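Structural overview for review
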Amino acid sequence: MHIFVLALATALVALPASLQAEGITTFELENGLEAVVIEDHRAPVVVHMVWYRVGAADEPPGKSGIAHFLEHLMFKATDELASGELSDVVFRNGGSDNAFTSYDYTSYVQRIAADRLDLVMGMEASRMDGLALVEEDISTERDVVIEERKQRTDSDPGTLFREQIYAAAFLNHPYGVPVIGWKHEAETLTLEDAVSFYKQHYGPNNAILVVAGDVEPDEVRALAERHYGIIPPNPNVRARSRPSEPPQLAERRLSFSDPRIGNDYMTRIYLVPERDPENQAEAAALAMLAQILGGSSTTSALARKLQFEDPKAVYTAAWYRERALDDTIFGLAIVPVEGVSLEEAESLLDEAVAEFMEEGVDAEELERIRTRIRAAEIYARDDISNLANLYGAGLTAGLSVEDVQAWPGILQEVTEEEILSAARRHLDRRRAVTGFARQSEEVVR
Amino acid sequence: MNRFICALGLAIVVAGPAAAVDIQEVTSPGGIKAWLVEERSIPFSALEIRFRGGGSLDRPGKRGAVNLMTALLEEGAGDLDAQGFAAARDALAASYGFDVHRDALSVSARFLTENRDEAVALLRSALTAPRFDQDALDRVRDQVLAVIRADDTDPATVASRRFNALAFGDHPYATSIDGTVESVSALTRDDIVTAYKDVIARDRIFVGAAGDISAEELGLLIDTLLAGLPEVGAPLPNDSEVLLVGGVTVVPFETPQSVAIFGHAGIPRDDPEFFPAFVASHVFGASGRQSRLGMEVREKRGLTYGIGAYLASFDLAQLVVGQVASANERIAEAIEVTRDEWAKMAAEGVTEEELDAAKAYLTGAYPLRFDSNASIARIMVGMQMDDLGLDYVNTRNGKVNAVTTDDVRRVASRLYLPEELHFVVVGRPEGIEGTN
């Protein structure tokens, strides 16, 4: 039953997909550009991506949204390209392009016929160090970004509430600031802000090239040398080091109401460790814990206890944002059935988790999860864009190619005791943020 | 800097071989047709099955029955209850997606080669012997009601519901296939069983498969899977007229950004001028700065994050329809610009340059769609439902390339009708009065 997905998690638990080392080649250019090539010769398509190790969590104070605003502005003029020309040329060649900003990365993507790789690489290289912004690009595109915020955040109470929960969870670390920016700050971003952020963070020594599809690694390397290899490293690039969280001494609780909330719900997030390079065991236990608690809408521990045995919930969820540069979140959520209050729902959820820790892991469920992880490695080969994303997002989160490839195997090895021990160590509501979202009659903003 | 030496403006796709797929038509021993692309490099297969009619086959007063029935197909079958079914499926690492929209119920399955027979047997039980247990029905009904309540407060959904109500009157297309809180709350197990018998039958089935499977294996698989289904389902509804008249409907809603859905009657997929219309709609409303709407509304004026308009050619009705969201104080301008562009398209058609760019995109992008087993299986079912024929993958780009600016001008003047354009605006739009 997949029809009901609330916008309360950044991402519901996704099975980790795959990573056969077979067909995957890596190299590094002298200027520091790292590259990953994923071969798939089934269709004459290539996905070309450049991932920068910079995201919203690297913004200076008061300039929230600048990473994302710059991502929009990267489609404007460069030393060689007119404003909008990159997209126009990609389209005129039957391709499509896009870009994404998250906390830890900004990525630029084209999907096009494999014999056009040279063309898109040339254009992507042009904006790696040659962005040529002018004032007239700024105000119109800032309006677009404000409309984007209105559409994706201000029009969606679930997203508004999530912003508040993150802000409460991260008192000191920039993961508490929304990627798209606080509205009052995003509205005032300037040309100088964008240029300064670009000059600080963009360059081959802060970039990862991922090319996936009907290509040969040698050919990709030759093209990369020609287009990216001649760009000098950016001396301003620094290793990322962000403020960290102080110990949480007080339980945090939020109450949110909005007339546009269709179903009352409760959500809780715990601050937990992320996947670290060469040290992914703790994260693997948390990832398996999320699967055991909420990976299946039918047979997971929370679904069994709260939706089947004595149905008090319409929906339950558990998720873990495993890929992040810094400490991250583990989340739980419950949408109670009509007639059950959020206070009762919270108690029921806490009891279900406590019971789970008493009873232990259902061995058959654990085996099924392991089977699905193994199969996910096969299915993942059918979707090269997704495979390319795993490397790009993994490497920008500080992991190595080897870490990315080792992950499914590490997940397989997680034991029942490690899962329970991760639950005991991290699922403590005194060190979490708990939020109630309710439908209200009047607008509170 | 001289490193950038491509002659960008001149790079135009040469129309090469259209699609790198070899489609076989397979007829199972039991007489069911399917299309297959054999692709052996990954040890799994993707299977797409659709039953025409889908959500439009709800009986009067039973809106939402087909949708709820679809959601229940994976909630217990044969001797397995909901949890038993999910456990069996996950133990095989198979996945079965059951979905329904206004024209079809779809089954999107994938299974590993190593346990294909067991995965197919389990899917067969879901299709031929679903249990529809009362406890599963009650549980899933609550989930559907939660979806409906969430949609009731979502401005884009409110806009599309009102638009469909205005466009399709008392036809099934006029209302959401999810049903309403009232209609879904009243559904009984008998209603679900009736919906199942109405929708899932062999006389309306379309099958596509791609992956690690031969034609012979697929034929046997199809019979195993589908032979137990009833021969005949409920009759399909008649075509619907499009009842929209020119004007604006405002639905007051507290939100900082208004959502507008706009459009009027469109053009059927089998119209002789469909290809010129398709090219015209690409130039006019494709997403991104390459279309006229994208350029005028977003790129030049910054009025929205996204605008698009396209040909919605459903089985039983056709629309030209688009959507835009703009701040309450700016939506009036977005609508005005859209209206002007609509009129300009009707009067002038497209330029040679726009036509060339559209052809280059459409013909270049087409072969890129066939890049995974899952998408190939889906595309092949869509082609069969549109009655396009096995050779369509090879002839389609030729049809795009044959379109001339005269063709586009002719079709645009009958397709884009500014006086008939209707906007449904949900929000607190400033400077906009409803016309009815």
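Residues numbered from 1 in each chain as written. Chains lettered and ligands numbered in written order. Predicted model: local features only at pLDDT ≥ 70, side-chain atom pairs only at ≥ 80, totals over all residues.

Remarks on the overall build of chain B
Scanning chain B for helices and strands turns up 15 helices and 13 strands. Its C-alpha radius of gyration of 24 Å places chain B within 12% of the 22 Å reference for a compact globule of 436 residues. The C-alpha extent of chain B, read off along each of the three principal axes, is 60 × 55 × 45 Å. Looking at chain B as a whole, 53% of its 436 residues qualify as buried. By sequence separation, contacts in chain B at least 24 residues apart represent 83% of the contacts at least 6 residues apart. (Helix = DSSP H or I, 4+ residues; strand = E, 2+ residues; numbered from the N terminus. Rg over C-alpha atoms; globule rule 2.2 N^0.38 Å. Buried ≥ 20, exposed ≤ 12 C-beta atoms within 10 Å, placed from the backbone. Contact = placed C-beta atoms within 7 Å.)

Notes on the domain arrangement of chain B
Residue and element names in this part refer to chain B. Splitting chain B by domain gives domain 1 (6–226) and domain 2 (247–367 + 390–427). Taken over C-alpha atoms, the centre of domain 1 sits 29 Å from the centre of domain 2. Counting residues at the interface gives 23 residues for domain 1, matched by 27 residues for domain 2. With 10 residues, helix 5 (residues 155–168) is the largest single contributor of residues to the side of domain 1 that touches domain 2. Its residues assigned to classes, the side of domain 1 that touches domain 2 shows 17 nonpolar, two polar and four charged. (Domains from an automatic or database assignment. Nonpolar A, V, L, I, M, F, W, Y, C, P; charged D, E, K, R; others polar.)

Considerations on the sheet that holds strand 8 (residues 205–211) of chain B
Residue and element names in this part refer to chain B. Ordered in space as 1-2-8-3-7-6, the six strands form an open sheet in which the pairing is mixed. For this open sheet the edge positions go to strand 1 (24–27) and strand 6 (95–100), each flanked by a neighbour on one side alone. Within the sheet, the average angular offset between the axes of one strand and its neighbour, ignoring direction, is 20°. Sheet topology places strand 2 (residues 33–38) next to strand 8; four bridges connect them, and they run parallel. If you follow Val 37 over to strand 8, its bridge partner there is Ala 210. Along the sheet, helix 3 (residues 116–128) makes contact with strand 6 and strand 7 (104–112), crossing strand 7 at roughly 155°. (Pairing = 2+ DSSP bridges. Axes fitted to C-alpha atoms, helices over the stretch in contact; angles between N-to-C directions.)

Details of the packing of helix 10 (residues 301–309) of chain A against helix 11 (residues 342–359) of chain A
When two helices pack together, their arrangement is captured by the angle between the axes and the distance separating the axes. Residues and elements named next belong to chain A. At a minimum axis distance of 10 Å, the contact between helix 10 and helix 11 shows a crossing angle of 130°. Judged on the interaxial angle alone, helix 11 and helix 10 are oblique. In the packing of helix 10 onto helix 11, the handedness of the crossing is right-handed. Residues Ala 301, Leu 302, Lys 305 and Leu 306 of helix 10 pack against Leu 348, Ala 352, Glu 355 and Phe 356 of helix 11. Considered class by class, the residues forming the contact of helix 10 with helix 11 number six nonpolar, no polar and two charged. (Parallel < 35°, antiparallel > 145°, perpendicular 65-115°, else oblique. Left-handed = near helix turned anticlockwise from the far one by under 90°.)

A short note on the environment of Ser 291 of chain B
Residues and elements named next belong to chain B. Note on placement: Ser 291 falls in the loop between helix 9 (274–285) and helix 10 (292–299). Ser 291 sits in the buried class, given 26 other C-beta atoms within 10 Å. Considered as a pair, Ser 291 and Phe 132 are 159 residues apart in the sequence and their alpha carbons are 47 Å apart. Contacts of Ser 291, omitting those with residues within four sequence positions, involve Val 283, Phe 284, Gly 285 and Ala 286.

Here we look at the interface of chain A and chain B
Think of interface size as the accessible area that goes away when the parts come together; that is how it is often given. Each partner contributes to the interface: chain A provides 62 residues, whereas chain B provides 67 residues. Here the side of chain A that touches chain B gets nine residues from one element, more than from any other, and that element is helix 4 (residues 135–154) of chain A. Partitioning the side of chain A that touches chain B into residue classes produces 24 nonpolar, 19 polar and 19 charged.

Focus on helix 7 (residues 191–201) of chain A
Residue and element names in this part refer to chain A. Those residues of helix 7 lying buried are Asp 193, Ala 194, Phe 197, Tyr 198 and His 201. When helix 7 is viewed along its axis, its buried side chains cluster within an angular range of 130° and face the same direction. On its buried face, helix 7 is in contact with strand 3 (45–52) and helix 1 (66–73). Count one or two residues on from helix 7 and you reach Gly 203, which has phi positive near 155°. (Arc of directions from axis to C-beta.)

Considering the nonpolar core
Ranked by internal contacts, the top residues of the largest apolar core, which has 284 residues, are Ala 260 and Val 279 of chain B. The element contributing the most residues to this core is helix 9 (residues 281–294) of chain A, with 10 residues. Here this core gathers at least three residues from each of two domains, domain 1 (6–226) and domain 2 (247–367 + 390–427) of chain B. Apart from the residues within four sequence positions on either side, Ala 260 of chain B is in contact with Ala 159, Gln 323, Val 324, Ile 331, Ile 335, Phe 423, Val 424 and Val 425 of chain B. (Core = buried A, V, L, I, M, F, W, Y, C linked by C-beta atoms within 7 Å.)

A look at unusual backbone geometry
Residues and elements named next belong to chain B. Notably, Ala 93 is not glycine yet its phi reads approximately 55°, a positive angle. Tracing the backbone shows Ala 93 in the loop between helix 2 (82–92) and strand 6. Phi at Asp 387 takes a positive value of approximately 60°, unusual for a residue other than glycine. In this structure, Asp 387 sits in the loop between helix 13 (373–385) and helix 14 (392–401). The class for Asp 387 is exposed, based on 9 C-beta atoms found within 10 Å.

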